[in-house]
Amino acid sequence: MTLTLKPLAAALVAVLAFASGAAQADSFPTKPVRIVVGFSPGGSNDIVARMIAPKLGELLGQQVVVENKPGAGGAIAISSVLAAPADGHTLSMCTTGTSSIQPHLGAMPFNSETDLVPVTQIANAPYVLMVHSSLPAKNVKEFVAYAKQNPGKINFASSGNATGGHLAGEMFKSLAGVNLVHVPYKGTSQAIADLVSGQVQVIFDQPVSSMQYARSGQLRALGVASLKRLGAYPDLPTLHEAGVPNLDPVTWTGICASKGTPPAVVARLQRDIAKVLAMPEISRKLVQDGLEPVGSTPEQFRDFLVADKAKWGRIIKQANVKAE
């Protein structure tokens, strides 16, 4: 009799768990949803989060609030998400830095693979080599020649040590054979502000947060660090075309939840975020800003994270970047 009841009991538990998860998804959300961004306002991650938040709120039937908690390479923000109930109401804007770069440096107080649940990848974002308009270089070849004539005299900014922009700059230095001085900031907006004012001369940044300054003439976009040109800027050459091959440090942004978030809630979030990304006005804006909308499933996002972490691990080793 016991042997007969065990399978029935297991099946009953499975049915009840499924029903419970479905009920949670049906009732979710019961209050405003927070998307916590680990960087200051004005950076690419913040811009993307604020772009999708209103439309996501309409689909969820609750307000979606973007909250900035900059510092420690995104660790402060994610730690705050992990401290909140794992019910889907507090989400993390997970990034290349928090999930693929920092784990190789031993700098994060959590395990991005086990403590976070992938929801969906929002977009891919290649870096653009931007320089201050006062530099005499009008293209990549001229910039490389100018940098070689002025070794150690050109400062390149980034949103922080061991960030994607920092690593892109280190890769460029190695492949182009130039000596640039790295100046880390606490967020993209501060780095861009000093670049526009001329206190630093170079940055590798995502178009969404810096191309507006190129259009106004304050900065000059020289090339995109990608294997293909950006659809929104077809006249901007790739660095490979400009004579700096094998430079492809494309970054990404996505949404993650805390471990223990009900799968049905994760699935609901993914479906609604994918719907937002497919909206013509949103997808068009992302592409115009030099981003590639994705909207992957949690399973696809998890597989991507594994491969991306390995890729950035190789870049960190090649550039010999250490945690501060």
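Scroll up a little and you will see the structure.
On a predicted model such as this, the values are computed, not experimentally measured, just so you know. (Residues numbered from 1 in each chain as written. Predicted model: local features only at pLDDT ≥ 70, side-chain atom pairs only at ≥ 80, totals over all residues. Heavy atoms only, no water.)

Explain the packing of aromatic side chains here, please?
Any aromatic ring pair is given by two values, namely how distant the centres are and how the planes are angled relative to each other. One pass over the structure, following the stated rule, counts five aromatic pairs. A centroid spacing of 5.6 Å and a plane angle of 90° characterise the contact between tryptophan 252 and phenylalanine 301, whose relative ring orientation is edge-to-face. Of this pair, tryptophan 252 sits in strand S10 (residues 251–258) while phenylalanine 301 is found in helix H11 (residues 298–319), placing the two residues 49 residues apart along the sequence. In terms of burial, tryptophan 252 and phenylalanine 301 fall into one category: buried. For the ring pair tryptophan 252 and phenylalanine 304, a centre distance of 5.8 Å and an interplane angle of 85° mean the geometry is edge-to-face. Separated by 52 residues along the polypeptide, tryptophan 252 in strand S10 and phenylalanine 304 in helix H11 bring together distant segments of the chain. Residue class for tryptophan 252 comes out buried when judged on its relative accessible area of 2%. According to the relative accessible area criterion, phenylalanine 304 is partly exposed, its value standing at 25%. An aromatic cluster of three or more residues is present, and its members are Phe143, Phe172 and Phe204. (Phe/Tyr/Trp six-rings, centres within 6.5 Å; stacked < 30°, edge-to-face > 60°. Helix = DSSP H or I, 4+ residues; strand = E, 2+ residues; numbered from the N terminus. Buried < 20%, exposed > 50% of the residue type's maximum accessible area, 1.4 Å probe, protein only.)

Hey, could you run me through the pairing of strand S5 (residues 127–132) in this one?
Within a regular strand, the side chains alternate between the two sheet faces. Burial within S5 is extensive, with six of its six residues counted as buried. Neither face of S5 is open: one carries Tyr127, Leu129 and Val131, the other Val128, Met130 and His132, and all of them are buried. Note: S5 against strand S9 (residues 219–225), six bridges, orientation antiparallel. Residue tyrosine 127 lies in a different strand from S9, and its bridge partner there is alanine 225. (Pairing = 2+ DSSP bridges.)

Teacher, can you tell me more about the sheet that holds S9 here?
Sheets are built from strands that pair by backbone hydrogen bonding, the pairs being arranged parallel or antiparallel. Pairing in this open sheet of five strands is mixed, and the strands run S7-S6-S8-S5-S9 from one edge to the other. Looking along the sheet, the strands with just one partner apiece sit at the ends: strand S7 (180–184) and S9. Strand-to-strand, the axes of this sheet are offset by a mean angle of 25°, without reference to chain direction. Helix H7 (residues 188–197) rests against S5, strand S6 (154–158), strand S8 (202–205) and S9 of the sheet, and its axis sits at about 145° to S8. (Axes fitted to C-alpha atoms, helices over the stretch in contact; angles between N-to-C directions. Contact = heavy atoms within 4.5 Å.)

Could you clarify how one ought to interpret the side chain of serine 296 in this entry?
Its place among the elements puts serine 296 in the loop between strand S11 (292–293) and H11. For serine 296, a relative accessible area of 8% gives the class buried. Engagement of the side chain of serine 296 in a polar contact is seen with the backbone nitrogen of glutamine 121, the distance being 3.2 Å. Those residues in contact with serine 296 that lie beyond four places of it in its chain are Val119, Thr120, Gln121, Gln270 and Phe301. (Polar contact = N/O pair within 3.5 Å; in protein donor to acceptor, adjacent residues only side chain to side chain.)

That is the geometry; function is a separate question.
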